[in-house]
Amino acid sequence: MTNARIGDGSYVAPEAVVGRDEDAETTPRLGENATIRSGTVIYGDVTIGDDFSTGHNALVRDGTVAGDDVLVGTNTVVDGDVTIGSHVSLQTGVYVPPETTIGDEVFLGPHATVTNDNYPIRSASELDGVTIEEHVSIGANATILPGVTIGEQSFVAAGTVVTADVPPETLVVGAPGRHEELPASLQGGNRIE
């Protein structure tokens, strides 16, 4: 740990890195009661609220801003220039690329993948970030393609490939994802407690 500002009541494992020597011009800022587990690397230009926690070997790169009560699970990558709201859970193995915006009370299941590049083989392309609005739940192994907006209180089923915008309060299933009416049992029930 080099030039980090870490709030009271926080724990940083000895094998974690918060603020690297290469980031000497920037200072990561973590709120109170953070728990940073071994193998985690948090770059310099990162600002995170209170009650932040990671699994093991998480990576949070430059330009990330996150609210309170955020979990970045084991082997999860937040690849920088990402905005994350409060009460967000990124489970094991989630990938979040630059230009992604995640609202409050969002859940991304294990190995969910967000993408931002429509033409990944080209040497130069414009990134097209994803927006995940508030109270969204995304199942394990789902893939969200570039430029998609997922509307408030929507559910994305496990394994779904989301290729188009999702209206609020919609269920998305399949590959490619098709929109269905949100069952009454799921309406208003996707908030993270």
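Look above for the structure.
So, here is what we can say about the structure in this document. (Residues numbered from 1 in each chain as written. Predicted model: local features only at pLDDT ≥ 70, side-chain atom pairs only at ≥ 80, totals over all residues. Heavy atoms only, no water.)

1. Considerations on the pairing of strand E26 (residues 178-181)
Selection criterion: For two strands to count as paired, DSSP must find a minimum of two bridges between them. Secondary structure counts use DSSP, requiring at least four H or I residues in a row for a helix and at least two E residues in a row for a strand, with both numbered from the N terminus.
Alignment of strand E25 (residues 170-173) against E26, held across four bridges, turns out to be antiparallel. Within E26, the position partnered with Val-173 by the bridge is Arg-178. Counting the residues in the hairpin turn of E25 and E26 gives four residues, including Gly-174, whose phi is positive at 95°.

2. Observations concerning the pattern of salt bridges
Selection criterion: Throughout this description, the term salt bridge denotes a Lys or Arg side-chain nitrogen within 4 Å of a carboxyl oxygen of Asp or Glu.
In this structure the tally under the stated criterion is two salt bridges. The shortest N-O distance in the salt bridge between Asp-79 and Arg-61 comes to 3.1 Å. In this pair, Asp-79 is assigned in the loop between strand E12 (77-78) and strand E13 (83-84) and Arg-61 in the loop between strand E9 (59-60) and strand E10 (65-66), connecting sequence segments 18 residues apart.

3. Side note on the nonpolar core
Formally: We define the nonpolar core as a collection of buried residues of types Ala, Val, Leu, Ile, Met, Phe, Trp, Tyr and Cys that are connected through side-chain atoms lying within 4.5 Å of one another. Accessible area is worked out with a 1.4 Å probe on protein chains only. A residue is then buried under 20% of its type maximum, exposed over 50%, and partly exposed in between.
Core analysis: the largest hydrophobic core is formed by 41 residues, its most contacted members being Phe-52, Leu-90, Ile-132 and Ile-138. Mapped by element, the contributors of at least two residues to this core are strand E11 (70-72) and strand E14 (88-90).

4. Points about the environment of Thr-83
The condition is simple: Residue contacts follow a heavy-atom distance rule, with two residues in contact if any of their heavy atoms lie within 4.5 Å.
Within the element layout of this structure, Thr-83 appears in strand E13. Along the backbone, Thr-83 and Thr-100 are 17 residues apart, and their C-alpha atoms lie at a distance of 6.5 Å. Contact partners of Thr-83, with chain neighbours within four places excluded, come to Val-65, Thr-100, Thr-101 and Ile-102.

5. Structural notes on the side chain of Thr-160
So the rule is basically this: We call two N or O atoms a polar contact when they sit within 3.5 Å, provided that within protein one can donate a hydrogen and the other can accept it, with sequence-adjacent residues counted only if both atoms are side-chain atoms.
Mapped onto the elements, Thr-160 comes out in the loop between strand E23 (155-156) and strand E24 (161-162). You can call Thr-160 buried: its relative accessible area is 0%. At a separation of 2.9 Å, a polar atom in the side chain of Thr-160 contacts the main-chain carbonyl oxygen of Ala-157. For Thr-160, the residues in contact, after removing those within four places along its chain, are Asn-141, Ala-142, Thr-143, Val-172, Val-173, Gly-174 and Gly-177.

6. Notes on the environment of Val-60
Mapped onto the elements, Val-60 comes out in strand E9. Between the alpha carbons of Val-60 and Asp-79 there is a distance of 6.3 Å; along the sequence they are 19 residues apart. Other than its neighbours up to four places away in sequence, Val-60 contacts Val-41, Ile-42, Tyr-43, Val-46, Phe-52, Val-72 and Val-78.

7. Thoughts on the sheet that holds E10
Taken together, eight strands build an open sheet; the order of strands is E1-E4-E7-E10-E13-E16-E19-E22 and the sheet is parallel. Looking at strand neighbours, the two that pair on one side only are strand E1 (5-6) and strand E22 (149-150), the edges of this open sheet.

8. Considering unusual backbone geometry
Here Ala-175 and Pro-176 are connected by a cis peptide whose omega angle stands at 0°. The phi dihedral of Asn-141 is positive, around 60°, even though this residue is not glycine. Positionally, Asn-141 belongs in the loop between strand E20 (137-138) and strand E21 (143-144). Residue Gln-153 is not a glycine yet carries a positive backbone phi of 60°.

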